[in-house]
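Overview (structure and organization)
Below, each chain spelled out in residue letters.
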Amino acid sequence: MPALANAKTVLTGVKPTGAPHIGNYIGAIRPAVRLAAEHGRSYLFIADYHALNAVQDAKALREDSYQVAACWLALGLNPEKTVLYRQSDIPEIFEIVTILSAVTPKGLMDRSHAYKAAVDRNKEEGKDADADVNMGLYTYPILMAADILVAQTDIVPVGKDQVQHIEFTRDMAGYFNNTFKKPVFKLPNYQLESGVAGAILPGIDGRKMSKSYGNHIPVFIDSAARRKLVMKIVTDSRRPEEPMNPDDVGNNVIFQLYSHFATPDETLGMRSAFEKGGMGYGDAKQQLYDVLEREFEKPTQIYKDYMADRKKLDELLEAGAAKARQVARETLSAAREAVGLNRLK
Ligand code: ADP
Ligand code: TRP
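Residues numbered from 1 in each chain as written. Chains lettered and ligands numbered in written order. Predicted model: local features only at pLDDT ≥ 70, side-chain atom pairs only at ≥ 80, totals over all residues. Heavy atoms only, no water.

**Notes on helix 7 (residues 113–124)**
Taking 1.5 Å as the rise per residue, helix 7 with twelve residues should run 16 Å; its terminal C-alpha atoms sit 16 Å apart, in good agreement. Along helix 7, the residues that are buried comprise Tyr115, Ala118, Val119 and Asn122. Taken down its axis, helix 7 places every buried residue within 95 degrees of arc, on the same side. Trailing helix 7 by a residue or two, Gly126 shows a phi angle of about 70 degrees, which is positive. (Helix = DSSP H or I, 4+ residues; strand = E, 2+ residues; numbered from the N terminus. Expected span 1.5 Å × (residues − 1). Buried < 20%, exposed > 50% of the residue type's maximum accessible area, 1.4 Å probe, protein only. Arc of directions from axis to C-beta.)

**Topic: the packing of helix 11 (residues 223–231) against helix 15 (residues 281–307)**
Between helix 11 and helix 15, whose axes approach to 10 Å, the crossing angle comes to 150 degrees. The handedness of the crossing between helix 11 and helix 15 is right-handed. Across the interface between the two elements, Ser223, Arg226, Arg227, Val230 and Met231 of helix 11 pack against Lys285, Gln286, Leu288, Tyr289, Leu292, Glu293, Phe296, Glu297 and Thr300 of helix 15. Along the lines of polarity and charge, the residues of the contact of helix 11 with helix 15 split into six nonpolar, three polar and five charged. (Axes fitted to C-alpha atoms, helices over the stretch in contact; angles between N-to-C directions. Left-handed = near helix turned anticlockwise from the far one by under 90°. Contact = heavy atoms within 4.5 Å. Nonpolar A, V, L, I, M, F, W, Y, C, P; charged D, E, K, R; others polar.)

**Observations regarding the domain arrangement of the chain**
Frequently, the measure chosen for interface size is the accessible area that the parts lose on association. Segmentation of the chain into domains returns domain 1 (9–200 + 310–339) and domain 2 (223–302). On a C-alpha basis, the centres of domain 1 and domain 2 stand 36 Å from each other. Contact residues are listed per partner, giving eight residues for domain 1 and eight residues for domain 2. Both sides together, the interface formed by domain 1 and domain 2 hides about 690 Å², and carbon and sulfur atoms give 74% of it. Three residues stand out in domain 1 for area buried against domain 2, namely Ile22, Tyr25 and Ala74, and they jointly supply 58% of the buried area on that side. Summed over the shared surface of domain 1 and domain 2, the number is zero salt bridges. (Domains from an automatic or database assignment. Buried area = accessible area lost by both parts, 1.4 Å probe. Salt bridge = Lys/Arg side-chain N within 4 Å of Asp/Glu carboxyl O.)

**Description of the site of ligand 2**
Leu11, Gly13, Lys15, Phe45, Ala47, His50, Tyr140, Met144, Asp147, Ile148, Val156 and Gln162 make up every residue found near ligand 2. His50 is positioned with one of its side-chain polar atoms (N or O) 3.5 Å from a nitrogen atom of ligand 2. Gln162 is positioned such that a nitrogen or oxygen atom in its side chain is 2.9 Å from a nitrogen atom of ligand 2. The fraction of the free accessible surface of ligand 2 (370 Å²) that becomes covered by protein chains is 88%. For the shell around ligand 2, the secondary-structure elements that each account for two or more residues are strand 1 (9–14) and helix 9 (140–149). The biggest single contributor to the shell around ligand 2 is helix 9, with four residues. (Near = heavy atom within 4 Å. Polar contact = N/O pair within 3.5 Å; in protein donor to acceptor, adjacent residues only side chain to side chain. Areas by Shrake-Rupley, 256 points an atom, 1.4 Å probe, with all protein chains shown as cover.)

What follows is the structure, given as structure tokens:
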């Protein structure tokens, strides 16, 4: 790791949207935990005010927010190194939204992919263009920019769908800095989440694993439930003794999932057993179950322990917020001063 990379600040926001599956883990959580560990300063926050645009159920929002915190802690996030907090505990963010709103053209929001997608959907369904679009969805990019700019972020790891948000954030930071002739906001860069070479994990029916298809294996479940889901993976009618050609092995759902959790030697072992013939799907599923159990049994227990101790989670999140507010207050003070207002007392 070059020293320079270590000096950078990396920031990620996670919307509280329910318990993760093993695809989320490989594609998003594990890479973010690793990236956070590599950098000098890292922030990870629960984007609860972003969620409010869609989740309007107090109990669900509260519960989901605890779930996110417990999930990341259980999966290796070190709260001594990474500042973990709730967005809603950082009031400075929302004042920055007001400041950025003054320099952000409405047209920028009109070009937002998320907003445009909602409008297109409405039109397709013959509804009014803005049906069910609240102002929170419409101005989502400004809140996201404030999340990022408040912490003087260098790098934001994102999925492809979030790239435009980072570009908008740079635009807004630039409008502000140019208008007030002060470099108050640092322009962030995005880093595309590549997971394991951009891998997309298949679900138990062979399609992309996704909560919306109901074909997922949750990370935090008990061993019996995990086993049952693995045994449900759809397979063809090949007989165990038949050798498989290398391409078919590569496309096999059991093998694909296995390769993400097994060691390179174990992966080679399963591959050659399939290619030679003699490896039945039942055996392969058992091996997959074993590596999943090895990976997630302990985190599942840690997750359960955290979820049973909300006081502990609150303490951790409050300590994180106190740290995040130091940089937030500094940034907000600089912005207020630049526009002609008082610094925070
Ligand atoms: P879901 O499709 O289950 O609703 P999300 O769309 O909420 O999942 O995705 C959350 C994160 O997890 C994203 O960063 C996404 O890239 C990653 N992810 C989702 N499904 C997979 C998958 N099957 N394989 C790898 N990564 C995934
Ligand atoms: N918009 C992101 C998502 O839908 C969540 C998010 C909110 C975020 N604020 C952020 C991500 C700041 C990175 C940085 O997944």
